[in-house]
Amino acid sequence: MYKFIEGIVCAPEDLRRQEVWRGVAKRLGEWHARLPISAISSEPSLHKPRTNGCTNGIDKSGEDITPDKSVPNVWTVMQKWIYALPAGTEAERLRQQSLQNELERSVKELGDTPGIGGCGYVFSHCDLLSGNVIIQPSTAAKPSDPTTSECTVSFIDYEYATPAPAAFDIANHFAEWGGFDCDFGVLPTRSQRRDFLTHYLAAYKAHLAAADRAAVSSDAAERLFADIDVFRGMPGFYWGIWALIQATISQIDFDYASYAEVRLSEYWAWRAETEGSRARGGEEMP
């Protein structure tokens, strides 16, 4: 589907403007509340036949990674990407196995995140970088008082959209505040994240059916805030795998191999920090 959307394409620095991030929060809350995922699959993949995409007993569809979930979802997408990685050399096979181990570990730890109101997975954009956020013309000008204003935005480019925990979609967007340069020094602070989530949850609840609003608990903002911190390393893992594939097939003039290393290093640094191995080794915090 194609449709022209009039407006201004964001740059990474625009995402860090309060009136813009509030607009993104409201639109994302609407996405997560209104766009259904039930039509994607009517039954868990556990009950689906394993004929399509199955080679030599290996389920190349990626569905086996979440046998109790409807598919596709963000985990099955990453599984398919790992299967698609080159594995012609011993080093490539070892890398593929290492990533597979990390995916299985992450699914075990994060795959059953309860989400908001008991809705574990929502229809997620999964690629909310600055270039996919369009500021509507009527709100494009910088307001005189950004603390009380917000932009109206639209999202484009849905090819990575899939069911995922809301915490993943939001953590992924926050990582994009740093742009392709991966400037971790400009990622949202705690207060900025809380402001974003306040507007996100207000929009989310506003677009729920009245009968579903009661399921959103009073501490939903605090729980979601904590979940996003838990998911902080997963965008690096997700895009790191993707970039490894692009490094082998893309004709675009971009150093995907280096980008993959940066994003995967982001994931490994997050693991080292959460496990305490960085501190125990006396290493400097990245």
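Residues numbered from 1 in each chain as written. Predicted model: local features only at pLDDT ≥ 70, side-chain atom pairs only at ≥ 80, totals over all residues. Heavy atoms only, no water.

A few points about the side chain of Arg-193
Here's step 1: With respect to the helices, strands and loops of the structure, Arg-193 is situated in helix α6 (residues 190–206).
Here's step 2: A residue is classified by how much of its surface remains accessible, and Arg-193, at 8% relative accessible area, is buried.
Here's step 3: Within polar-contact distance, the side chain of Arg-193 engages the backbone oxygen of Pro-188 at 2.9 Å.
Here's step 4: The residues contacting Arg-193, other than those within four sequence positions of it, are Phe-174, Pro-188, Phe-225, Asp-229 and Arg-232. (Helix = DSSP H or I, 4+ residues; strand = E, 2+ residues; numbered from the N terminus. Buried < 20%, exposed > 50% of the residue type's maximum accessible area, 1.4 Å probe, protein only. Polar contact = N/O pair within 3.5 Å; in protein donor to acceptor, adjacent residues only side chain to side chain. Contact = heavy atoms within 4.5 Å.)

Details of the packing of aromatic side chains
Here's step 1: Scanning the entire structure with this criterion turns up 22 aromatic pairs.
Here's step 2: Between Tyr-267 and Trp-270, the ring centres sit 5.7 Å apart and the planes meet at 45°, which makes this aromatic pair tilted. Remark: Trp-270 and Tyr-267 occur in helix α10 (residues 256–275); sequence separation between them is three residues, near one turn of the helix. The same class applies to Tyr-267 as to Trp-270, namely buried.
Here's step 3: Within the aromatic cluster, the residues linked to one another by ring pairs are Trp-81, Tyr-160, Phe-168, Phe-180, Tyr-238, Trp-239, Trp-242, Phe-254, Tyr-256 and Tyr-259.
Here's step 4: Its guanidinium or amino end placed over the ring of Phe-225, Arg-194 lies 4.1 Å from that ring's centre, counting from NZ or CZ. (Phe/Tyr/Trp six-rings, centres within 6.5 Å; stacked < 30°, edge-to-face > 60°. Lys NZ or Arg CZ within 6 Å of the ring centre and 35° of its normal.)

Some thoughts on the environment of Asp-112
Here's step 1: Inspection of the secondary structure assignment puts Asp-112 in the loop between α4 (90–110) and β4 (122–124).
Here's step 2: According to the relative accessible area criterion, Asp-112 is exposed, its value standing at 56%.
Here's step 3: Taking the C-alpha atoms as reference points, Asp-112 and Thr-66, 46 residues apart in sequence, are found 9.9 Å from one another.
Here's step 4: Sequence-distant contacts of Asp-112, that is, excluding residues within four places in its chain, are made with Asp-68 and Lys-69.
Here's step 5: Looking at Asp-112, its side chain comes within polar contact range of the side chain of Lys-69, at 2.5 Å.

Here we look at a nonpolar patch on the surface
Here's step 1: A cluster of nonpolar side chains, contributed by Phe-180, Ile-252 and Phe-254, occupies part of the molecular surface with about 310 Å² of accessible area.
Here's step 2: Following the sequence through the fold, Phe-254 ends up in the loop between α9 (234–249) and α10. (Patch = residues over 30% accessible without salt bridge, like charges linked within 9 Å, V, L, I, M, F, W, Y side chains within 5 Å. Areas by Shrake-Rupley, 256 points an atom, 1.4 Å probe, with all protein chains shown as cover. Salt bridge = Lys/Arg side-chain N within 4 Å of Asp/Glu carboxyl O.)

Some points on the packing of helix α2 (residues 18–34) against helix α5 (residues 166–175)
Here's step 1: For the pair α2 and α5, interaxial distance at closest approach is 12 Å and the crossing angle is 155°. By the criterion of interaxial angle, the relationship of α2 to α5 is roughly antiparallel. Like other packed secondary-structure pairs, α2 and α5 cross with a definite hand, here right-handed. Where α2 abuts α5, its residues Val-24, Leu-28 and His-32 lie against Ala-166, Asp-169, Ile-170 and His-173.
Here's step 2: Residues of the contact of α2 with α5, tallied by class, amount to four nonpolar, two polar and one charged. (Axes fitted to C-alpha atoms, helices over the stretch in contact; angles between N-to-C directions. Parallel < 35°, antiparallel > 145°, perpendicular 65-115°, else oblique. Left-handed = near helix turned anticlockwise from the far one by under 90°. Nonpolar A, V, L, I, M, F, W, Y, C, P; charged D, E, K, R; others polar.)

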